[in-house]
Amino acid sequence: MRTLVQAVLALTVGITLLAGCEQKGPMEKAGQKVDKAVEGVGKEMKKAGEKVGEGLEEAGKKVKDASK
């Protein structure tokens, strides 16, 4: 009886591992593409924010210099 339980347990674990190795479906692939796109947009927004910040600093310096 114990051997039967061990065999069933081993079979269950094996099936579970195989099920986890399935190929990605179209929805999962699409989701990953969306994730990558959102990540890319986030990086570009960060760059744009840094450029705006730099521009504001430069404008502030010019205003300060002009008011002297």
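All values reported here derive from a predicted model rather than from experimental measurement. (Residues numbered from 1 in each chain as written. Predicted model: local features only at pLDDT ≥ 70, side-chain atom pairs only at ≥ 80, totals over all residues. Heavy atoms only, no water.)

**Q** With reference to specific residues and values, describe a nonpolar patch on the surface.
**A** Residues M1, L4, V5 and V8 make up a contiguous nonpolar surface patch of about 460 Å² in total accessible area. Looking at the element boundaries, L4 is found in helix α1 (residues 2-20). Residue L4 is classed as exposed on the basis of its relative accessible area of 54%. (Patch = residues over 30% accessible without salt bridge, like charges linked within 9 Å, V, L, I, M, F, W, Y side chains within 5 Å. Areas by Shrake-Rupley, 256 points an atom, 1.4 Å probe, with all protein chains shown as cover. Salt bridge = Lys/Arg side-chain N within 4 Å of Asp/Glu carboxyl O. Helix = DSSP H or I, 4+ residues; strand = E, 2+ residues; numbered from the N terminus. Buried < 20%, exposed > 50% of the residue type's maximum accessible area, 1.4 Å probe, protein only.)

**Q** Describe in detail the pattern of salt bridges, supporting the description with residues and values.
**A** On inspection of all chains with the given rule, the structure shows two salt bridges. Between E44 and K47 there is a salt bridge, with the nearest N and O atoms lying 3.6 Å from each other. Highlighted residues: E44 and K47, both in helix α2 (residues 26-66), separated by three residues, approximately one helical turn. In this structure E44 comes out as partly exposed when scored by relative accessible area, which is 47%.

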